[in-house]
There are 4 protein chains.
Amino acid sequence: MTRVAVLGAKGRMGSESVRAITAADGLEVVAEIDQGDPLDLITSSGAEVALDFTQPGVALDNVTWCVEHGVHVVVGTSGFDDDRIEAVRALLGDEPATGVLIVPNFSIGAILMMRFAETAAPFFESIEVIEMHHPDKIDAPSGTAVRTAELMAAARETAGSAPLPDATTTDPDGARGAKVGGIPVHAVRARGFVASQEVLFGGAGEGFAIRHDSHDRSSFMPGVVAAVSGVASRPGVTVGLDAVLGL
Amino acid sequence: MTRVAVLGAKGRMGSESVRAITAADGLEVVAEIDQGDPLDLITSSGAEVALDFTQPGVALDNVTWCVEHGVHVVVGTSGFDDDRIEAVRALLGDEPATGVLIVPNFSIGAILMMRFAETAAPFFESIEVIEMHHPDKIDAPSGTAVRTAELMAAARETAGSAPLPDATTTDPDGARGAKVGGIPVHAVRARGFVASQEVLFGGAGEGFAIRHDSHDRSSFMPGVVAAVSGVASRPGVTVGLDAVLGL
Amino acid sequence: MTRVAVLGAKGRMGSESVRAITAADGLEVVAEIDQGDPLDLITSSGAEVALDFTQPGVALDNVTWCVEHGVHVVVGTSGFDDDRIEAVRALLGDEPATGVLIVPNFSIGAILMMRFAETAAPFFESIEVIEMHHPDKIDAPSGTAVRTAELMAAARETAGSAPLPDATTTDPDGARGAKVGGIPVHAVRARGFVASQEVLFGGAGEGFAIRHDSHDRSSFMPGVVAAVSGVASRPGVTVGLDAVLGL
Amino acid sequence: MTRVAVLGAKGRMGSESVRAITAADGLEVVAEIDQGDPLDLITSSGAEVALDFTQPGVALDNVTWCVEHGVHVVVGTSGFDDDRIEAVRALLGDEPATGVLIVPNFSIGAILMMRFAETAAPFFESIEVIEMHHPDKIDAPSGTAVRTAELMAAARETAGSAPLPDATTTDPDGARGAKVGGIPVHAVRARGFVASQEVLFGGAGEGFAIRHDSHDRSSFMPGVVAAVSGVASRPGVTVGLDAVLGL
């Protein structure tokens with residue numbers, strides 16, 4: 001049994017994670033820590049791994065405390081930027097004994113979609129991305145769509161792929177969407193969606209598609225469990241879930 | 001057996017139509033007429049119905065000749081505009097004995113898609129249209145997508161539907177697509193597609209979609225057969241296949 | 001403001017309906033009635049319409065009470081069978097002043113899917129139904145899939161459509177699915193789905209599809225609101241939401 | 001310029017391949033050989049690579065001839081079974097200088113679909129395969145569907161994945177489809193399809209899908225070109241396009 005402390009345990013991701021970790025084989029939650037609670041509950045509870053779902057302003061302090069006390073950490077806090085990652089790297093030094101796993105995206109489905117899209121990108125003549133989100137989202141396109149398009153554009157550049165064919169000369173209202181790395185990205189905003197994305201590929205006489213639909217937060221839990229289970233065996237800083245998943 | 005003359009019989013739609021009509025129950029092709037052939041082949045062959053796949057500049061003359069000789073006509077020629085339709089109406093007069101059926105779109109699938117989209121439009125909070133065509137198409141969005149969006153916008157106005165929800169405030173590159181009648185329309189251009197369209201609807205906790213994929217010209221043939229079979233029983237000018245289909 | 005009493009107000013559908021009716025324009029909830037509460041709360045609260053989400057064994061008594069007191073009723077209780085419907089018809093007599101609307105399915109999306117599928121059925125050579133539900137469902141195929149297939153089979157029979165083409169001679173493990181009215185029906189059971197259905201149509205060179213995805217109970221609320229709003233203007237027994245929706 | 005001889009050049013795959021190779025960068029067709037033509041046209045034309053689309057009964061002789069003359073071979077002939085592959089292996093010996101690439105499936109899209117399905121299989125709770133083909137196909141499910149399911153079942157076994165959840169107790173007509181390696185496989189037979197397959201994955205709150213649609217034989221040409229371009233750099237026997245594609 002790996003003993004886990006959850007920081008930000010009363011938040012939406014934190015509380016859902018407490019339930020998921022409790023239900024998972026080989027893991028148990030030994031401390032649920034939230035605002036105002038002392039960090040030494042982590043050590044007093046005997047936690048080997050901490051999972052941080054707090055705020056970017058606090059998370060670096062939490063990670064520092066954990067590393068100094070030899071507790072492995074998974075950082076799920078969004079907005080944990082490159083400067084903070086560098087600070088953790090400096091803290092761990094050249095011969096790290098502790099693992100710090102920073103996870104910008106816990107959705108295994110989204111990670112697989114991006115990985116497969118990147119692999120497939122050089123093999124088809126045409127590519128387009130369609131992302132679909134709830135209509136309360138304020139920005140378009142989504143970060144995942146941009147990241148997916150960038151990965152595919154880079155893969156095509158490496159492979160020496162031709163530019164995508166497009167004879168459009170008349171498009172007065174912008175129906176062809178945004179271009180990211182030369183790849184058209186379309187954003188749908190419709191009630192009933194949470195976060196979905198389809199990557200469409202086309203060649204002469206064929207079509208290929210990869211699609212991911214996320215309906216609620218529970219879809220992140222397998223990623224949380226994989227991160228918490230895998231962090232101890234990866235000393236040093238790791239960014240992204242890919243390594244833990246063996247991808 | 002209804003006896004049919006095909007005008008423009010050597011063209012792509014004409015020659016495919018000759019095959020389809022020949023194969024259809026209750027129809028036979030009695031004249032295949034192309035450039036340079038005299039129109040009186042229509043009457044000498046005993047044709048009761050003429051199917052015109054020529055050019056807009058010629059088609060009106062052909063229709064006039066047919067009406068004067070009591071031959072029903074299906075006009076499949078693209079670009080047969082409102083002025084020409086009015087000319088035919090004037091020609092037929094108040095008590096027409098002959099039927100002239102003008103068909104801008106022979107795809108029964110596309111007609112059903114538009115009809116269903118129009119019916120469904122007031123029942124969902126969100127609507128978006130995604131049309132997908134081959135990358136050699138020069139204009140975006142497609143005429144069918146525009147027509148579909150216009151029909152849905154009109155249906156929503158009649159029903160007093162609320163505007164589509166959309167909180168987007170940041171969309172620097174136009175990922176949200178074109179707006180037609182307030183409805184977002186996205187155009188995909190990818191090898192492997194001929195002409196496809198998906199109409200997406202969304203409400204709280206649900207999604208609904210209508211999709212049509214046309215892979216080649218053979219998909220128009222059931223519409224051609226329905227038009228040729230139905231024109232004789234509809235004296236006067238009829239525009240669109242809907243009436244013949246009983247929709 | 002139409003005044004509404006909800007019976008079975010503490011159940012899952014009942015409580016969600018209370019919220020939806022309260023939020024809807026022109027409707028208000030004046031009584032929330034559950035097990036043990038006296039029915040005369042309906043009249044004492046001045047309710048004009050009652051919405052019943054109780055049990056089949058109780059619902060007929062509730063409807064009878066409402067009709068005797070001149071209160072219109074929407075019956076959402078599942079299992080309200082033909083015998084019960086006949087009993088209500090007898091109760092209302094030949095000149096009914098009260099409306100009783102029995103609704104086996106509140107999903108407007110599912111109703112549109114069935115209606116469109118029925119309309120499209122005679123126009124395509126091939127049809128198949130794929131329904132997708134959560135893996136805890138014990139029966140296959142779903143009632144909606146069976147109903148959809150029956151409606152399409154009847155429409156094809158009326159239209160004199162040919163049997164569906166199928167050259168399969170080798171299918172040792174039953175990959176071709178169940179046949180309902182001659183139409184193949186496939187049932188997918190996968191985590192992440194609640195209740196989805198796709199109806200696929202095919203003709204030479206084309207495909208057509210209608211799809212409905214229901215992610216949670218909130219998708220039934222527009223149907224509940226339409227039923228409660230429309231019942232008073234339809235004296236006598238009405239089965240199904242179609243009439244109220246103007247379909 | 002790699003000089004290529006096509007055997008079975010007048011057949012459907014052969015003639016399409018001649019066109020595709022001629023159009024490809026770095027490749028030229030120097031001999032089009034069909035029934036009755038002498039094989040020494042291969043050497044007299046200076047071909048470095050032979051592409052065989054003949055018959056299983058003839059193909060092994062062709063391969064033998066090519067290996068004896070130091071010409072690399074791509075075998076696209078279907079039905080080139082394990083016994084024949086072993087014969088080629090014996091022929092090439094321990095230090096092969098010539099490459100023989102045996103390709104059961106030239107569809108890069110289908111290969112990617114299978115590869116991605118195999119990779120994704122252990123990460124989701126539920127999996128189902130839906131394959132869609134034209135209604136003239138006599139067997140169900142398709143070989144690709146069976147192969148995909150077997151690869152996924154093996155990947156799950158290696159990963160120690162749980163059995164797929166399925167509470168179905170009532171399925172009188174077999175709507176749940178065939179089981180291959182424990183994975184449900186559904187076969188759709190509908191006009192308008194050539195060869196399509198969708199692999200559906202599901203987890204709590206999410207769905208994931210990989211789909212491939214092949215509309216005509218042209219979709220195999222990128223695979224043919226990749227095989228012909230890559231065979232010379234792979235001495236010995238290679239089975240499948242994966243290695244050449246760098247997958």
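Given the structure is predicted, the values throughout are model-derived calculations rather than measurements. (Residues numbered from 1 in each chain as written. Chains lettered and ligands numbered in written order. Predicted model: local features only at pLDDT ≥ 70, side-chain atom pairs only at ≥ 80, totals over all residues. Heavy atoms only, no water.)

Draft legend 1. Region of interest: the interface of chain A and chain B. Taken together, the 40 residues of chain A in the interface contact 40 residues of chain B. Counting the surface chain A buries against chain B, the share from its top three residues, Ile138, Ala175 and Arg191 of chain A, is 18%. There are two salt bridges connecting chain A and chain B. Of the charged contacts, one joins Glu125 of chain B and Arg191 of chain A as a salt bridge, the two residues approaching to 3.0 Å between their closest N and O atoms. Connecting chain A to chain B are 22 residue pairs in polar contact (both at pLDDT 80 or more). Of all elements in the fold, only β6 (126–133), β8 (183–189) and β9 (195–203) of chain A reach the threshold of two or more residues within the side of chain A that touches chain B. Looking at which element gives the most residues to the side of chain A that touches chain B, the answer is β8 of chain A, with five residues. (Contact = heavy atoms within 4.5 Å. Buried area = accessible area lost by both parts, 1.4 Å probe. Salt bridge = Lys/Arg side-chain N within 4 Å of Asp/Glu carboxyl O. Polar contact = N/O pair within 3.5 Å; in protein donor to acceptor, adjacent residues only side chain to side chain. Helix = DSSP H or I, 4+ residues; strand = E, 2+ residues; numbered from the N terminus.)

Draft legend 2. Region of interest: the packing of aromatic side chains. Residue and element names in this part refer to chain B. Taken as a whole, this structure holds 22 aromatic pairs over all chains when the rule is applied. Between Phe53 and Phe106, the ring centres sit 5.5 Å apart and the planes meet at 55°, which makes this aromatic pair tilted. A residue pair is termed long-range when its members are at least 10 positions apart, and Phe53 in the loop between β3 (49–52) and α3 (56–68) and Phe106 in the loop between β5 (99–102) and α5 (108–120) qualify at 53 residues. Of the two residues, Phe53 and Phe106, neither departs from the other in class, the shared state being buried. Judged by centre distance (5.4 Å) and plane angle (40°), the ring pair of Phe124 and Phe201 falls under tilted. (Phe/Tyr/Trp six-rings, centres within 6.5 Å; stacked < 30°, edge-to-face > 60°. Buried < 20%, exposed > 50% of the residue type's maximum accessible area, 1.4 Å probe, protein only.)

Draft legend 3. Inspection of helix α6 (residues 143–159) of chain A at higher detail. All names here are of chain A. For α6, spanning 17 residues, the distance from its first C-alpha to its last is 24 Å, which sits close to the expected 24 Å at 1.5 Å a residue. Within α6 the residues assigned to the buried category are Ala145, Thr148, Ala149, Leu151, Met152, Ala153, Ala155 and Arg156. Those residues of α6 that are buried are in contact with α5 (108–120), β6, β7 (178–180), β8 and β9. Among the residues trailing α6, Gly160 stands out with phi positive, at a value near 70°. (Expected span 1.5 Å × (residues − 1).)

Draft legend 4. Quick look at the side chain of Glu16 of chain C. For Glu16 of chain C, the location among the structural elements is in helix α1 (residues 12–23). Residue contacts for Glu16 of chain C: discarding those within four places in its chain leaves Arg217, Ser218 and Met221 of chain C.

Draft legend 5. Spotlight on the pairing of strand β2 (residues 27–33) of chain A. All names here are of chain A. Strand direction decides the pairing type here: strand β1 (residues 2–7) and β2, joined by six bridges, are parallel. In the sheet register, Val4 faces β2, and the bridge partner there is Val29. Once you follow β1 into helix α1 (residues 12–23) and on to β2, the crossover reads as right-handed. (Pairing = 2+ DSSP bridges. Right-handed = clockwise from strand over helix to strand, strands pointing away.)

Draft legend 6. Structural detail: unusual backbone geometry. Note that the residue after Ala140 of chain A, namely Pro141 of chain A, is joined by a cis bond; omega there is -5°. Structurally, Pro141 of chain A can be placed in the loop between β6 and α6.

Draft legend 7. A look at the UniProt feature "active site" (unreviewed entry) in chain A. Summarizing the sequence annotation, UniProt attributes the feature "active site" (unreviewed entry) to His133 and Lys137 of chain A in the numbering used throughout. Its place among the elements puts His133 of chain A in strand β6. When sequence neighbours within four positions are dropped, the list of residues in contact with His133 of chain A reads Ser142, Val188, Arg189, Ala190, Phe193, Val194, Ala195 and Ser196 of chain A. With respect to the helices, strands and loops of the structure, Lys137 of chain A is situated in the loop between β6 and α6. Note on Lys137 of chain A: relative accessible area 16%, which makes it buried. For Lys137 of chain A, the contacting residues outside a window of four places in its chain are Ser142 and Arg189 of chain A together with Ala167 and Thr168 of chain B. (UniProt positions renumbered as here; feature names shortened; annotations may be inferred.)

Draft legend 8. Geometry of the relation of the copies chain A and chain B. Between chain A and chain B, the superposition needs a rotation of 180° and an axial shift of 0.0 Å, giving an RMSD of 0.0 Å. In short, the pair behaves as if placed about a two-fold rotation axis. Residue Gly177 of chain A, judged by its C-alpha, is the member of chain A lying nearest the rotation axis, at 2.5 Å. (Least-squares fit on C-alpha atoms with pLDDT ≥ 70 in both.)

Draft legend 9. Structural view of the pattern of salt bridges. Summed over all chains, the structure comprises 52 salt bridges over all chains. For Asp166 of chain B, the salt bridge is made with Arg176 of chain B, and the minimal N-O distance between the two is 2.8 Å. Here Asp166 of chain B, found in the loop between α6 (143–159) and β7 (178–180), pairs with Arg176 of chain B, found in the loop between α6 and β7; they are ten residues apart in sequence, far enough to count as distant. Via salt bridges that share partners, Glu125 of chain A together with Asp136 and Arg191 of chain B belong to a single interconnected network.

Draft legend 10. Quick peek at the packing of α5 of chain B against α6 of chain B. Residue and element names in this part refer to chain B. Following both chains from N to C, one finds α5 and α6 inclined at 25°, their axes separated by 8 Å at the closest point. On the basis of the axis angle, α5 is roughly parallel to α6. At the point where α5 passes α6, the crossing takes the right-handed sense. Packed against α5, whose contacting residues are Met113, Met114, Ala117 and Glu118, the element α6 presents Thr144, Arg147, Thr148, Leu151, Met152 and Ala155 at the interface. For the contact of α5 with α6, the per-class residue count stands at six nonpolar, two polar and two charged. (Axes fitted to C-alpha atoms, helices over the stretch in contact; angles between N-to-C directions. Parallel < 35°, antiparallel > 145°, perpendicular 65-115°, else oblique. Left-handed = near helix turned anticlockwise from the far one by under 90°. Nonpolar A, V, L, I, M, F, W, Y, C, P; charged D, E, K, R; others polar.)

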